[in-house]
Amino acid sequence: DSVIPDTAACSLEADLDQFRERNLLPLIKTNTSSSQQFHCVRASSPPVAVRGCGDCSGPPSVAFLFLVKNNVPLAALWEEWLALSMDRRRFTVYMHIQEGASEPPSSLRGATSVDKVETSSGNFILAENALWKAALRDPCNQMMVLVSVSHIPVSHPDVAYDVLFQHRVPETGGQPTSRFCYAKAKPFERSTHKGMGNMDLDRTPADTASPSPSCQDAESTIGYDLKHHQWRAWNRYHASIVVAQGLTYPYDGLPWNRGHGPYADPSEWFGHHVLRRALGNGAVWKQVNGGLQTNHTDRCDDKILTEFCDTKTCWSADACGYGMGRSCSPSGPLCFSSLNLTKLTETISSRHPLFFRKVTPDATLFDEGGREVGRVTDLLISLTQNYSRPVSVTSI
């Protein structure tokens, strides 16, 4: 479980500098003292990602990027799940462990720890950037999936691989498209979250302007930067765009919480905001979710919810039919201490979602009669083997 060194022999800094110089154009700062420098993608630049260190000697891979506070309580489950793959080289694992962890982390075997960066409660933007940067070092990593320690997989790893590599569009140079779970809420509705009060503000998160027609239409106030964009799958090109800018939030005196839209921690929407501003409002829709080819502001098709929301998270008081859960925090989703066996089996049998979030380490399964049949960690792998089967072997 090594920590990635930033050595001269294999440092991404020169590669990122070159990527930024060739593909990105600095936006004009309307606030000249701003600590942040936003960029847009040059209209003429090809969609080529950061190359990484060396050559890829194996199949294109999916990088799982774990944001870890103290430990990985479901590490053994993830290890067993990854071992089901027909080719273990299809998957890599990286972890960022929060500074000041109160106990040594229980690590995933084969996972690579990245150098620790500053984090705070609800804000993991710099940690996400560090994980993306670490994954970009490996030229085989083509898709990068952010996951939490409460995630469980609910599909066979080879099914997940097929799904993540399923859609490709010319606008991303033939790379798989990034996958974002666009919420149903309107993008700039007034916040009515209990205890938050009126959060309408007169400043936008990106206090910059587009300098020339060479830039995409990087409008700062139109788009779909909302809660629940954190646990997404990013392709290599999009990760390169975000990492090359190295931005964080809050900055320049802006509030910690976004002034528009639903209450959300910065890391839940800011990465998408940076990507959208860089690509432009017209281009971003063509490069995600199989190529939407249309502005998705203010609406969400059911197809997006069922096909591209890869992580299932439940906020409903009825536990979405999955079992028994309780609110983890005043503003958070449900944490599940038990799951309905029939519902979980149905989920595993389908190709979507790929993951389920907020499952406690000792969560149990119960049947239709309400009888406990075992622990999720003990039964999930056999359920996956029996009910989630790859349709075909993907040739990438």
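Residues numbered from 1 in each chain as written. Predicted model: local features only at pLDDT ≥ 70, side-chain atom pairs only at ≥ 80, totals over all residues. Heavy atoms only, no water.

**A look at the overall build of the protein**
Inference 1: What the protein contains, in helices and strands, is ten helices and 16 strands.
Inference 2: In the protein, buried positions account for 55% of the 396 residues.
Inference 3: Considering only contacts in the protein between residues 6 or more positions apart, those separated by 24 or more positions represent 76%.
Inference 4: Entry remark: accessible area of the protein is about 16,400 Å², with carbon and sulfur atoms responsible for 50%. (Helix = DSSP H or I, 4+ residues; strand = E, 2+ residues; numbered from the N terminus. Buried < 20%, exposed > 50% of the residue type's maximum accessible area, 1.4 Å probe, protein only. Contact = heavy atoms within 4.5 Å. Areas by Shrake-Rupley, 256 points an atom, 1.4 Å probe, with all protein chains shown as cover.)

**Comments concerning the side chain of Asp367**
Inference 1: Along the chain, Asp367 falls in the loop between β15 (359–366) and β16 (372–375).
Inference 2: Engagement of the side chain of Asp367 in a polar contact is seen with the backbone nitrogen of Gly369, the distance being 2.9 Å.
Inference 3: There is a polar contact of 2.9 Å between the side chain of Asp367 and the backbone nitrogen of Arg371.
Inference 4: The residues contacting Asp367, other than those within four sequence positions of it, are Leu341 and Val373. (Polar contact = N/O pair within 3.5 Å; in protein donor to acceptor, adjacent residues only side chain to side chain.)

**What about the state of the cysteines?**
In protein chemistry, a disulfide is the covalent bond that joins the sulfur atoms of two cysteines.
Inference 1: Here the structure, examined in full by the defined rule, presents four disulfides.
Inference 2: Disulfide pairing is shown between Cys314 and Cys320; the S-S distance is 2.1 Å. Handedness of the Cys314-Cys320 disulfide follows from its S-S torsion of about 95°: it is right-handed.
Inference 3: Looking at Cys320, the relative accessible area reads 22%, which means it is partly exposed.
Inference 4: Here Cys328 engages in a disulfide with Cys335; their sulfurs sit 1.6 Å apart. Disulfide Cys328 to Cys335: torsion about the S-S bond roughly 120°, handedness right-handed.
Inference 5: For Cys335, a relative accessible area of 14% puts it in the buried group. (Disulfide = S-S within 2.5 Å.)

**Observations concerning the packing of helix α1 (residues 13–23) against helix α5 (residues 236–245)**
Inference 1: Across the interface, α1 lies against α5 with an axial gap of 10 Å and an inter-helix angle of 95°. Taken together, the axis directions place α1 and α5 in an arrangement best described as roughly perpendicular. Taken together, the residues of α5 that come into contact with α1 (itself represented by Leu16, Phe19 and Arg20) are Tyr237, Ser240, Ile241, Val243 and Ala244.
Inference 2: Its residues assigned to classes, the contact of α1 with α5 shows six nonpolar, one polar and one charged. (Axes fitted to C-alpha atoms, helices over the stretch in contact; angles between N-to-C directions. Parallel < 35°, antiparallel > 145°, perpendicular 65-115°, else oblique. Nonpolar A, V, L, I, M, F, W, Y, C, P; charged D, E, K, R; others polar.)

**Overview of the packing of aromatic side chains**
Inference 1: Evaluation of the coordinates by the stated rule reveals 21 aromatic pairs.
Inference 2: Here the aromatic rings of Phe38 and Tyr251 are separated by 6.0 Å at their centres, their planes lie at 50°, and the arrangement is tilted. One end of the pair, Phe38, is in the loop between β2 (28–29) and β3 (39–41); the other, Tyr251, is in the loop between α5 and α6 (270–279), with 213 residues separating them in the sequence. You'll find Phe38 and Tyr251 in the same group, each marked buried. (Phe/Tyr/Trp six-rings, centres within 6.5 Å; stacked < 30°, edge-to-face > 60°.)

**Remarks on the environment of Phe270**
Inference 1: Among the secondary structure elements, Phe270 is positioned in helix α6.
Inference 2: Residue classification places Phe270 among the buried residues on the basis of a relative accessible area of 1%.
Inference 3: The spatial distance from the C-alpha of Phe270 to the C-alpha of Asn123 is 9.9 Å, given a sequence separation of 147 residues.
Inference 4: The residues touching Phe270, leaving out its near neighbours within four places in the chain, are Phe38, Ile125, Leu247, Thr248, Tyr249 and Tyr251.

**Examining the confidence of the model for the protein**
Inference 1: With 76% of its residues at a pLDDT of 70 or more, the protein has an overall mean of 82.
Inference 2: Across residues 185–203, where pLDDT falls below 50, the model places 46 contacts with residues more than four positions away in sequence or in other chains. (pLDDT = per-residue confidence, 0-100.)

**Concerning the sheet that holds strand β11 (residues 311–312)**
Inference 1: Reading across from one edge, β8-β14-β11 is the order of the three strands in this open sheet, with mixed pairing throughout. The sheet is open, and its two borders are formed by β8 (152–153) and β11, each paired with just one other strand.
Inference 2: One ladder, built from two bridges, connects β11 with strand β14 (residues 355–356); its direction is parallel. Across the sheet, Thr311 pairs through a bridge with Phe355, a residue of β14. (Pairing = 2+ DSSP bridges.)

**With respect to α6**
Inference 1: Counting buried residues along α6, ten of its ten residues qualify, which places the element largely inside the surrounding structure.
Inference 2: Residues Phe270, Gly271, His272, His273, Val274, Leu275, Arg276, Arg277, Ala278 and Leu279 constitute the buried set of α6.
Inference 3: A positive phi of about 100° marks Gly280, the residue just after α6.

**Regarding the nonpolar core**
Inference 1: Leu65, Trp132, Met144, Leu146, Ile241, Phe270 and Leu279 are the most contacted members of the largest nonpolar core, which has 53 residues in total.
Inference 2: Looking at this core element by element, the count peaks at eight residues for helix α3 (residues 125–136). (Core = buried A, V, L, I, M, F, W, Y, C linked by side-chain atoms within 4.5 Å.)

**Notes on α5**
Inference 1: Across the ten residues that make up α5, a large majority, ten, are buried.
Inference 2: Among the residues of α5, those classed as buried are Arg236, Tyr237, His238, Ala239, Ser240, Ile241, Val242, Val243, Ala244 and Gln245.
Inference 3: For α5, the side-chain oxygen to backbone nitrogen distance between the N-cap and Tyr237 is 3.2 Å, and the N-cap itself is Asn235.
Inference 4: Of the residues trailing α5, Gly246 is marked for its positive phi of about 60°.

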